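The chain contents come next:
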Amino acid sequence: GHCDGVAHKAQNWIAVLPGSDKPVGEEDAELNVGSFLLSNGKLNQRELVIQFGRFEVENQDVFIMEALRLVEPRLRGLSTILLGGSPVLHADVEGGERRLPLAVVGDGMLRMLEIVFAILQNRDKIVLIDEVENGFHHSALPKVWKLIHSLAKQYNVQVFAVTHSQECANAAHYAAVESQDYDYQYYRLEQDNGVGYAHAFSQRQLQTAIDVDLEVR
């Protein structure tokens, strides 16, 4: 449920400090970044299998299955199958005649795996996610953010997420509200004469904007 703002554009970083509109330069920002998930990034099949196997051994696959069922409620399980000599992660979906490669089931499943893997393997670090809403239907975003919030708290991971979706920003806000531990900070990134600024919205300001249907993205 940690959603602050960080932007990456043309190799220029904008870092932000909680409760501040002050631009922070590269020389001021010391971030212990564990993963940076690109909006169009894709895990290759071998990497998927290796990471899933590692989490299975550590009995962390329960979190992965819980996350994937938010995207596909009919999911019964995952298995590794050798195809042409290469291991491929397959999904067992209720009502299906055969197990399907995870990539065939949908982009949302792969995106969710990518996010969950990043959090689980970066305890006490920072995870950056570009266009976090990619691959998800808007109706799934509240559940997605509840899970992100829960895992981030459990693994002490701070998540910086960039979104172009007002629905995504709202979903993250409500997930933090429902957790009764509001640690979500929303920033609107702006530029003035080539200098990046992050305008911070308090919980009250963001709720007011949502109530009056005012876009803040």
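Residues numbered from 1 in each chain as written. Predicted model: local features only at pLDDT ≥ 70, side-chain atom pairs only at ≥ 80, totals over all residues. Heavy atoms only, no water.

**Quick word on the overall build of the protein**
For the record, the criterion: Starting at the N terminus, helices and strands are each numbered in turn, a helix being any DSSP run of H or I of at least four residues and a strand any DSSP run of E of at least two. Burial classification: accessible surface area is computed with a 1.4 Å probe over protein chains only, and a residue below 20% of its type maximum counts as buried, one above 50% as exposed, and the rest as partly exposed. We call two residues in contact whenever any of their non-hydrogen atoms come within 4.5 Å of each other. Areas reported as accessible are Shrake-Rupley estimates using a 1.4 Å probe. Residue values count occlusion only from the protein chains shown.
Within the protein, the secondary structure is distributed over seven helices and ten strands. Of all 217 residues assigned to the protein, the portion counted as buried reaches 44%. Considering only contacts within the protein whose residues lie at least 6 apart along the sequence, 66% involve residues at least 24 apart. Carbon and sulfur atoms make up 46% of the accessible area of the protein, which totals about 11,700 Å².

**So, the side chain of Thr163**
The following threshold applies: In protein, a polar contact requires one atom able to donate a hydrogen and another able to accept it; more generally it is a pair of N or O atoms within 3.5 Å, and residues adjacent in sequence count only if both atoms are side-chain atoms.
Looking at where Thr163 falls in the secondary structure, it is placed in the loop between strand S8 (158–161) and helix H6 (166–178). In this structure the side chain of Thr163 is engaged in a polar contact, spanning 2.8 Å, whose partner is the side chain of Glu133. A distance of 2.9 Å separates a polar atom in the side chain of Thr163 from the backbone nitrogen of Ser165. Thr163 has contacts with Val132, Glu133, Cys168 and Ala169, leaving out every residue within four places of it along the chain.

**Brief notes about the side chain of Gln185**
Along the chain, the position of Gln185 falls in the loop between H6 and strand S9 (186–192). By relative accessible area, which is 17% here, Gln185 ends up buried. Of note is the side chain of Gln185, whose polar atom sits 2.6 Å from the backbone oxygen of Phe201.

**Points about the confidence of the model for the protein**
Note the cut-off: In predicted models, pLDDT denotes the confidence assigned by the predictor to each residue on a 0 to 100 scale.
Taken over all residues, the pLDDT of the protein has a mean of 82, while the share at 70 or more is 84%. Below pLDDT 50 for its whole length, residues 1–28 participates in 66 contacts with residues either more than four positions away or in separate chains.

**Quick notes on H6**
Defined as follows: Take the residue count of a helix, subtract one, and multiply by 1.5 Å to get its expected span.
In this model H6 runs 18 Å from its N-terminal to its C-terminal C-alpha over 13 residues, within 8% of the 18 Å that 1.5 Å per residue would give. Within the span of H6, buried status applies to Gln166, Cys168, Ala169, Asn170, Ala171, Ala172, His173, Ala175 and Ala176. On its buried face, H6 is in contact with helix H5 (141–154), S9 and helix H7 (203–211). Where H6 begins, the capping side chain belongs to Ser165, and its oxygen is found 3.3 Å from the backbone nitrogen of Glu167. Looking one or two places after H6, you find Gln180, whose phi comes out positive at around 60°.

**Notes on the packing of helix H2 (residues 61–71) against H5**
Defined as follows: Throughout, an axis means a line fitted to C-alpha atoms (over the contacting stretch in the case of helices), and angles, computed between N-to-C directions, take values from 0 to 180 degrees. Angles below 35 degrees are treated as roughly parallel, those above 145 as roughly antiparallel, those between 65 and 115 as roughly perpendicular, and all remaining angles as oblique. Should the near helix be turned counterclockwise from the far one by less than a right angle, the crossing is left-handed, whereas a clockwise turn marks it as right-handed. Under this grouping Gly is polar, as are all residues other than the nonpolar Ala, Val, Leu, Ile, Met, Phe, Trp, Tyr, Cys and Pro and the charged Asp, Glu, Lys and Arg.
Interhelical geometry of H2 versus H5 gives an angle of 160° and a closest axis separation of 9 Å. Classified by the interaxial angle, the pair formed by H2 and H5 is roughly antiparallel. For the element pair H2 and H5, the recorded crossing hand is left-handed. Across the interface between the two elements, Phe63, Glu66, Ala67 and Leu70 from H2 touch Lys143, Val144, Leu147, Leu151 and Gln154 from H5. Looking at the contact of H2 with H5 residue by residue, the class counts come to six nonpolar, one polar and two charged.

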